[in-house]
Amino acid sequence: MAFFTYIVASRRNGTLYTGSTDNMEARVHQHRAGRFGGFTARHGVSILVWYETHPSRHAAFVRERQIKEWKRVWKLELIEKTNPGWHDLSANWGLPG
């Protein structure tokens, strides 16, 4: 089973949210539907712009906490390094939204 650390954004260089999950497709759908309320729903944060896989839930959570402590510019650099166009990495998954 794979576990993921991810960053979703409201738009290019917009509001960012870092999280972790064991089901990326379901989690992105939850963000798009506003199921969590709170921060991501208030700021329209639902575009998957970066993610990485981990062998355990703990490893994904540790990485999430690490990235949440980073300066914003470091997060932007991480996204730009692998996704310079800020494309929605879930666009071909057929999710609503």
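You'll find the structure just up there.
Small disclaimer: the values here were computed from a predicted structure and weren't measured. (Residues numbered from 1 in each chain as written. Predicted model: local features only at pLDDT ≥ 70, side-chain atom pairs only at ≥ 80, totals over all residues. Heavy atoms only, no water.)

Asker: Break down the overall build of the protein chain for me, with residues and values.
Answerer: Of the regular secondary structure elements, the protein chain holds 4 helices and 3 strands. When the elements of the protein chain are put in sequence order from the N terminus, they spell out β-β-α-α-β-α-α. On C-alpha atoms alone, the protein chain measures out to a radius of gyration of 12 Å, which is about the 13 Å that the 2.2 N^0.38 rule sets for 97 residues. Every one of the 97 residues in the protein chain was classed for burial, and the buried ones make up 36%. Long-range pairs, those at least 24 residues apart, make up 64% of the contacts in the protein chain between residues at least 6 apart in sequence. By element, 52% of the accessible surface of the protein chain is carried by carbon and sulfur atoms, the whole surface being about 5,600 Å². Counting 14 positive and 8 negative side-chain charges, the protein chain places the averaged centre of each group 5 Å from the other. (Helix = DSSP H or I, 4+ residues; strand = E, 2+ residues; numbered from the N terminus. Rg over C-alpha atoms; globule rule 2.2 N^0.38 Å. Buried < 20%, exposed > 50% of the residue type's maximum accessible area, 1.4 Å probe, protein only. Contact = heavy atoms within 4.5 Å. Areas by Shrake-Rupley, 256 points an atom, 1.4 Å probe, with all protein chains shown as cover. Lys, Arg positive; Asp, Glu negative; His and termini not counted. Charge placed at Lys NZ, Arg CZ, Asp CG, Glu CD.)

Asker: Tell me about the nonpolar core, and name the residues and values.
Answerer: Within the largest apolar cluster, 10 residues are counted, these being Ile7, Ala9, Leu16, Val49, Trp50, Ile67, Leu76, Leu78, Ile79 and Trp86. Elements supplying a minimum of two residues to this core: strand S1 (3-9), strand S3 (47-54) and helix H4 (72-82). Not counting the four nearest positions on each side in its chain, Trp86 is found in contact with Ala9, Arg11, Arg12, Asn13, Leu16, Val49, Leu76, Ile79 and Glu80. Tyr6, Met24, Val28 and Val45 belong to the second largest nonpolar core, which has 7 residues in total. (Core = buried A, V, L, I, M, F, W, Y, C linked by side-chain atoms within 4.5 Å.)

As far as function goes, none of this settles anything; it's purely spatial.
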